[in-house]
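# Residue-level structural notes
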Amino acid sequence: MIKRVVEVSGGPAHLSLRLGQLVLTREQEEIATVPIEDLGVLIVDHPQCSYTHGALTALAENNVAVVVCGANHHPAALLLPAESNSTQAESIAAQAAASEAVRNRLWKEIVRAKINAQAEMLERLKIEAGALRRLAGMVRTGDPQNLEAQAAQRYWRVAMGPGFRRDRDGDPPNNLLNYGYMVLRASTARAICGAGLSPSLGLHHRNRYNAFVLADDLMEPLRPFVDAAVRRIWDKGDPELTKPVRAELLEMLAAPVQWKEERSPLIVALARYAASIRDVLAGKIKRPQIPGLPAPAEQQP
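Description of the structure in this document. In this text, all values refer to a predicted model and were calculated from it rather than measured experimentally.

Another aspect to go through is the overall build of the protein chain. Of regular secondary structure, the protein chain possesses 10 helices and 10 strands. Since a compact globule built from 301 residues should have a radius of gyration of about 19 Å, the 19 Å found for the protein chain is in line with a globular shape. Seen through its principal axes, the protein chain has C-alpha atoms that stretch 60 × 50 × 45 Å. Within the protein chain, the fraction of its 301 residues that count as buried is 49%. The contacts of the protein chain with a sequence gap of at least 6 include a subset with a gap of at least 24, amounting to 63%. Summing over all exposed atoms, the protein chain offers an accessible surface of approximately 14,600 Å²; the carbon and sulfur share of this is 50%. Each charge class in the protein chain can be summarised by its mean position, and for the 36 positive and 33 negative side chains these summaries are 6 Å apart.

The next thing to look at is the sheet that holds strand β3 (residues 21-26). Ordered in space as β4-β3-β2-β6, the four strands form an open sheet in which the pairing is mixed. With one partner strand each, in any of the chains shown, β4 (29-35) and β6 (49-51) form the two edges of the open sheet. Neighbour to neighbour, the strand axes of the sheet diverge by 25° on average, direction disregarded. Two strands pair when backbone bridges link them, and β3 and β4 are joined in this way by six bridges, in the antiparallel orientation. Paired with Arg26 across the bridge in β4 is Glu29. Those strands touched by helix α1 (residues 53-61) are β2 (13-18), β3 and β6, and its axis lies near 65° from that of β2.

Moving on, we get to the nonpolar core. Counting 73 residues, the largest nonpolar core has Ile43 and Tyr273 as its most contacted members. For this core, the element with the highest residue contribution is helix α6 (residues 174-194), accounting for 11 residues. Apart from the residues lying within four places of it in its own chain, the contact partners of Tyr273 are Ile110, Leu218, Pro221, Leu222, Trp259, Gln289, Ile290 and Pro291. Leu22, Leu24, Ile36 and Val64 belong to the second-largest nonpolar core, a separate cluster that totals 17 residues.

Disulfides are covalent bonds that link the sulfur atoms of two cysteine residues. Overall, the coordinates contain zero disulfides when judged by the stated rule. The structure places no disulfide on Cys49, whose sulfur is separated from the nearest cysteine sulfur, that of Cys69, by 10 Å. Its relative accessible area of 8% is what places Cys69 among the buried residues.

This next bit is on the environment of Trp156. Structurally, Trp156 is set in helix α5 (residues 147-159). The sequence separation of Trp156 and Arg166 amounts to 10 residues, and the corresponding C-alpha distance is 6.8 Å.

Attention shifts here to the sheet that holds strand β1 (residues 4-8). What the four strands build is an open sheet, ordered β1-β5-β7-β8; its pairing is mixed. Edge positions in the sheet fall to β1 and β8 (75-79), since each of these pairs with one other strand and no more. Averaged over all neighbouring strand pairs, the angle between strand axes comes to 15°, with direction disregarded. Pairing of strand β5 (residues 39-44) with strand β7 (residues 65-69), which is carried by four bridges, proceeds in the parallel orientation. When the bridges of β7 are listed, Val44 appears paired with Val68.

Cut-offs used in this document
Residues numbered from 1 in each chain as written. Predicted model: local features only at pLDDT ≥ 70, side-chain atom pairs only at ≥ 80, totals over all residues. Heavy atoms only, no water. Helix = DSSP H or I, 4+ residues; strand = E, 2+ residues; numbered from the N terminus. Rg over C-alpha atoms; globule rule 2.2 N^0.38 Å. Buried < 20%, exposed > 50% of the residue type's maximum accessible area, 1.4 Å probe, protein only. Contact = heavy atoms within 4.5 Å. Areas by Shrake-Rupley, 256 points an atom, 1.4 Å probe, with all protein chains shown as cover. Lys, Arg positive; Asp, Glu negative; His and termini not counted. Charge placed at Lys NZ, Arg CZ, Asp CG, Glu CD. Pairing = 2+ DSSP bridges. Axes fitted to C-alpha atoms, helices over the stretch in contact; angles between N-to-C directions. Core = buried A, V, L, I, M, F, W, Y, C linked by side-chain atoms within 4.5 Å. Disulfide = S-S within 2.5 Å.

So, in structure tokens, the structure goes:
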């Protein structure tokens, strides 16, 4: 089943639980209901929302990532279940015991996939990306040359048009990128927990104040999915995070991606991707399966 991504915004609301349904109420009037088992990510984007204990518990029990946003639409908190996999203890033990060599090998695969995805996005914009393809082929175990950063410098110079500079606090479309990355990060963290891994034990990222370093690692090759969606919105002249723009960015998680020899919604592929990372860390397989941008529709068989 493709899990749904739901955003609550536009005014004060109260979220409660009734017969397995998440109930949204405004001014004591029931506005909508959603089966909790259908949810993957819930984004709450209004400061005057309230929740019942039962609703939050049911969301956690169904492995729903709950993102609570501040006034700037950026995440203030990410709530994830404490237990979401029957073999969680075993998986986390293997994750913690994984050697540095295994983590470095995984990071090589992630960086290579990210650079190739960046190149693919530029090529779809009719921008020559041979330099990025060459950098991807040069990535070594652990990326000691930091080719990820070198590729980013080349990529951002052209990815969003002349004059753009990637800066979290910068001018649009940085605001759109921030929101898209937030959604992707929450979805990746949810997939990690669903695979029985701890999002706090990273491969490459290190930050004692960051509880989701593994999510930051695994989302790297998927950032171009956000970039592509933002570029489409930006080209239409939509610089602000309006409700329709946020809705369009959320649709990214249902968009088809390439998974092995098939196309799969990104939110489904995320779960499979996280499971493949778990299997590498446990020594069951050698290489992870990383989702990629699918071939354009006209190239599909």
